[in-house]
Amino acid sequence: MSKSGLIEQRNIRLSKIEELRKLGINPYPAKSNRADYSNAIVNDYESYKGKKVVAAGRLMSLRKHGSVTFADIQDQTGKIQLAIGKKILKPFDAAISNLGYSELKFLDVGDFIETSGEVSKTKTGEISILSERITLLTKSLRPLPDKWGKLKDRELILRKRYLDATLNPENKKEFENIAKILFGIRSFLKEKGFLEFLTPVLQPQYGGGTAKPFITHLNSLNRDFYLSISHELYLKRLITAGFDKVFTIGRYFRNEGIDKSHHPEFSMIETMTAYENYEYNMDLIEDMFRYIAEQVYGKTEFKVKGHTIDFKQPWKRISMTDAVTEVTGINFDDCKSVEEANNHLKALKIEETCETIGLALAKAFEEKAEETLISPTLVFGHPIDISPLAKPMDSSPNKAERFEIFIAGMECGDNWSEQNDPVELLATWKANYKPEDREVGEFHPLDYDFIEVMEYGMPPTTGIGPGLERMAMIFNERENIDDVIFFPIMKSHLSKANKKIFGAQEDKADKSLDILITFDEFQEFVSNCLKDSAQDIIIKPYMRFWESKNIFKASGSAEIIGLFKNRSVKLSGYSSKAEKPFDKAEEVLKFKDYIQNLIVSFLQKNFNKTEINLSETFLP
RNA sequence: GGGCCGUUAGCUCAAUUGGCAGAGCAACUGACUCUUAAUCAGUAGGUUGAAGGUUCGAUUCCUUCACGGCCCA
């Protein structure tokens, strides 16, 4: 007998499966004969009245009253009630997998079932199916969380979205709408004459942006590859190949922070259009948002961060310089020198010195203007310094033919007339090539293959890249990116109950034998590497040996106390396994060595300005 | 990275100053021919996220860790 409620309930359901199998019922058949959806029946009762239907879905509630039972099943479209009368329901028949009235006891809330019967209303007026047949489609082993309360634990909602979606149809609807956004974008771009391409996620050289990439290894080529941080350079190759309007709905991977509006894995709709410049895209993006608002959501007004945004209105278009001037009164275009620009930054309480006027303008915009752009705004005329892939404007060569989309203070897409002068591009890239930026994610790799493409010649081209998640956040009126990503990234977790149920091994010590190094021994052992001034630091070593399933194991750690106020530091991780008993003396030596290295690397990491010398005597 | 908060039964939540770990739903047994959060009677379900500490005694206080949330940079 299990002590856990979950395990007990699961066992009961397993035994129901056992009994059903004995009766000749397959609890997991491959196919259903479902022909009707619940909302069609409920919304159009007059046409369905008296007709036979076959519906299927998840059993969401079961109310037994002796010889009559009421049940609710939920399918993709909604819920419908089944009225199951002892006299109407046909008797048990394994040949057609029909459950009789007394076999209803094998059903649980959460099971998937199919039913056929006449549509009618009950005495209380509820539209129902008078079930003549009931077939089990899938036996569920675990109880659904509370059947009318919704899931509240945020961690559970994010980890088990399928449960949240089952219990919370409004939330499910939001994800349905995100799927429809994708259809909307595709049909919009199709109407405009675009072709969709799939571009590589695994790339030998990453490019098209500045971000920290994920690195992976491709065994068959024995090379490290990068997960795409952008798909832009591939779309440009397609333009070079002679396709005039292309797009991809791509997956983007950036090994950077996770917060309310950033996720390491996200999606963008990236387009490239030949023979046009960035002004074409200003219209395209505006039209695309309006199209989705009208086609998918059937409205143009959305509430974002407390502001009402109307996509019907023409979007504001403003240069970056003017956007900064509007907020701060400072016009960076009037700057005669970098010093002057930096003085402006100081006046704006931005504690950063920039190398060029352009960088200072960008900084001021980012710090002061961005968050004020609530209604949809297209900001153009970025400094060329921050736009290495964009063409300079004819009228002011230090500005790029580029614009960004801001909605509710969020950047929702970046767009420009693509630089297709290979000599210029190579020069810009080389000037920006700073391998030391790789760590901070502001590194432009040199992609000679791409320069070669440009040398063959790419016609004048422009591209846009609105982020799908940000779009979804706006249209679904959500402020957290996790609310628009069905499977947000999380650390894996195996619950205690699941460890038991699945028989997953728990690496647990059976018994602890002895501690082989004494406190004094260890302090003597490390005294040579700590200065007198660190006398108050106590290092407590722990080591133990034990036996588990005929494997001998050792593990050890050292705790440093007194280094920080109210905190101790634990250096851990030593472990060792063998099939026969250890030579303990040798193991202790290994442990000492390990701990010594740990301490040295710990000190190096945390006191990197201090030189750490390992004296000979420190070694055991 | 910094700060604050959370983790108790399958789910949602209690537990008074540190003093017997409880309820509703779900589950199980039984009654019931129109319910819809069905009802009624009964039963069972817990290593209070993990480890350590203080204490006669810890869900409660302290430390560390794990997982998560919110805010800030």
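Structure: above.
Residues numbered from 1 in each chain as written. Chains lettered and ligands numbered in written order. Predicted model: local features only at pLDDT ≥ 70, side-chain atom pairs only at ≥ 80, totals over all residues. Heavy atoms only, no water.

A. Structural view of the overall build of chain A. A tally of helices and strands in chain A yields 17 helices and 21 strands. Put simply, of all contacts in chain A between residues at least 6 apart along the chain, 62% involve residues at least 24 apart. Working note: accessible area of chain A is about 33100 Å², and carbon and sulfur atoms make up 50% of it. (Helix = DSSP H or I, 4+ residues; strand = E, 2+ residues; numbered from the N terminus. Contact = heavy atoms within 4.5 Å. Areas by Shrake-Rupley, 256 points an atom, 1.4 Å probe, with all protein chains shown as cover.)

B. Broad picture of the nonpolar core. With 45 residues, the main nonpolar core has Phe311, Ile407 and Phe475 as its most contacted residues. If you list the elements that add at least two residues to this core, you get α6 (169-191), β10 (245-253), α8 (278-297), β12 (301-304), β16 (402-407), β17 (410-417) and α14 (468-475). The element contributing the most residues to this core is α8, with 12 residues. Contact partners of Phe311, with chain neighbours within four places excluded, come to Phe289, Arg290, Ala293, Thr300, Phe302, Pro376, Ile407, Ile474 and Phe475. (Core = buried A, V, L, I, M, F, W, Y, C linked by side-chain atoms within 4.5 Å. Buried < 20%, exposed > 50% of the residue type's maximum accessible area, 1.4 Å probe, protein only.)

C. Local environment of the sheet that holds strand β11 (residues 265-274). Spatially, eight strands are ordered β6-β10-β11-β18-β17-β16-β15-β14 in an open sheet, and the strand pairing comes out mixed. One side of each edge strand has no neighbouring strand; the edge strands of this open sheet are β6 (195-196) and β14 (316-319). When β14 meets strand β15 (residues 377-380), the two strands line up parallel, connected through four bridges. Within the sheet, the bridge partner assigned to Arg317 lies in β15 and is Leu378. Each of β10, β11, β14, β15, β16, β17 and β18 (461-464) is contacted by α8, which is oriented at about 30° to β18, the strand it contacts most. (Pairing = 2+ DSSP bridges. Axes fitted to C-alpha atoms, helices over the stretch in contact; angles between N-to-C directions.)

D. Expanded view of the sheet that holds strand β7 (residues 202-203). What the three strands build is an open sheet, ordered β7-β9-β8; its pairing is antiparallel. The outermost strands of the open sheet, each flanked by one partner alone, are β7 and β8 (215-218). Relative to strand β9 (residues 223-227), β8 is paired through four bridges, and the arrangement is antiparallel. Counted as the bridge partner of His217 is Asp224 from β9.

E. Quick look at the environment of Lys399. The topology assignment puts Lys399 in the loop between β15 and β16. Other than its neighbours up to four places away in sequence, Lys399 contacts Thr321, Asp333, Leu361, Gly381, His382, Pro383, Ile384, Lys391, Pro392 and Met393. A distance of 3.4 Å separates polar atoms of two side chains, one belonging to Lys399 and the other to Thr321. (Polar contact = N/O pair within 3.5 Å; in protein donor to acceptor, adjacent residues only side chain to side chain.)

F. Highlighting the side chain of Gln74. Here Gln74 is to be found in strand β2 (residues 68-75). Among the polar contacts listed, one links the side chain of Gln74 to the backbone oxygen of Thr166, at a separation of 2.9 Å. For Gln74, the contacting residues outside a window of four places in its chain are Gly57, Arg58, Met60, Lys79 and Thr166.

G. Main features of unusual backbone geometry. With phi around 55°, Ser97 is a residue other than glycine that occupies positive phi space. Within the fold, Ser97 resides in the loop between β3 (78-85) and β4 (112-121). The backbone of Asn222 shows a phi angle near 50°, a positive value even though the residue is not glycine. Its location among the elements puts Asn222 in the loop between β8 and β9.

H. Representation of helix α1 (residues 5-22) within the structure. The terminal C-alpha atoms of α1, which comprises 18 residues, lie 26 Å apart, in line with the 26 Å expected from a rise of 1.5 Å per residue. Listing the buried residues of α1 in full gives Ile7, Arg10, Arg13, Lys16, Ile17 and Leu20. Buried residues along α1 sit in contact with β5 (127-138) and α15 (496-502). (Expected span 1.5 Å × (residues − 1).)

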